[in-house]
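For reference, the chains in residue letters:
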Amino acid sequence: MTTTSPETLISDSRARIDAMDDHIIGLIQERMAVSAVIQEARMTSGGRRVNLSREMEVLSHYSDALGKPGTTLAMTMLELCRGRI
Ligand SMILES: O=C(O)C(=O)C[C@]1(C(=O)O)C=C[C@@H](O)C=C1
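Per an unreviewed UniProt entry, the protein chain goes by Chorismate mutase and derives from Streptomyces beijiangensis.

Right, here's the structure in full:
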C-alpha cells in the first residue's frame, strides 16, 4: 500500500484550491456583467442604479447559507457589481 506524503497532499490540495479560486473569480466576473445589464436597463427606464430591497434578498441568501461572514461576502460582491454607495 502506498501512502501520500503530507507535502504531496498539501501541494495537490493547494492546486485544487487555486483551480476553485479561478472558477469563483470567473463566476464573480460573470455576475458583475449580468448585474450591469440589470442596472443599465433600470437606469435607461428612469430608475436608480441601486435596488435596496433586492439587495436585502441577496444578503439573506448568503447569510442563510454561510452565516454572518456570508453577509460580509455578499456586501463585498454587491460593491463589486454596483460600486460603492
Ligand atoms: O437585481 C437587481 O435589481 C440588480 O440591479 C442586481 C444587483 C446585484 O448585483 O445583485 C445590483 C444592484 C442592486 O442594488 C441590486 C442587486
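What follows picks up the thread again.
A. Quick peek at the site of the ligand. Taken together, 13 residues are adjacent to the ligand, and Arg31, Ser35, Arg42, Asn51 and Glu55 come closest. Note that an oxygen atom of the ligand is positioned 2.8 Å from one of the side-chain N or O atoms of Ser35. Taking 360 Å² as the accessible area of the ligand by itself, protein coverage stands at 93%. Per-element accounting of the shell around the ligand gives the leading share, five residues, to helix H1 (residues 6-44).

B. Highlighting the side chain of Arg82. Within the secondary structure layout, Arg82 lies in helix H3 (residues 68-82). At 2.9 Å, the side chain of Arg82 and the side chain of Glu55 are in polar contact. In contact with Arg82, other than residues within four places in its own chain, are Gln39, Arg49, Val50 and Glu55.

C. View of the pattern of salt bridges. Under the criterion given, the structure shown has three salt bridges. The salt bridge partner of Glu57 is Arg54, with a shortest N-O separation of 2.9 Å. Of the two residues, Glu57 and Arg54 are both situated in helix H2 (residues 52-66); the distance of three residues between them amounts to about one turn of the helix. You can call Arg54 partly exposed: its relative accessible area is 48%. Here Glu79 makes a salt bridge to Arg84, at a shortest N to O gap of 3.6 Å. Among the residues examined, Arg84 registers a relative accessible area of 72% and is labelled exposed.

Parameters and conventions
Residues numbered from 1 in each chain as written. Predicted model: local features only at pLDDT ≥ 70, side-chain atom pairs only at ≥ 80, totals over all residues. Heavy atoms only, no water. Near = heavy atom within 4 Å. Polar contact = N/O pair within 3.5 Å; in protein donor to acceptor, adjacent residues only side chain to side chain. Areas by Shrake-Rupley, 256 points an atom, 1.4 Å probe, with all protein chains shown as cover. Helix = DSSP H or I, 4+ residues; strand = E, 2+ residues; numbered from the N terminus. Contact = heavy atoms within 4.5 Å. Salt bridge = Lys/Arg side-chain N within 4 Å of Asp/Glu carboxyl O. Buried < 20%, exposed > 50% of the residue type's maximum accessible area, 1.4 Å probe, protein only.

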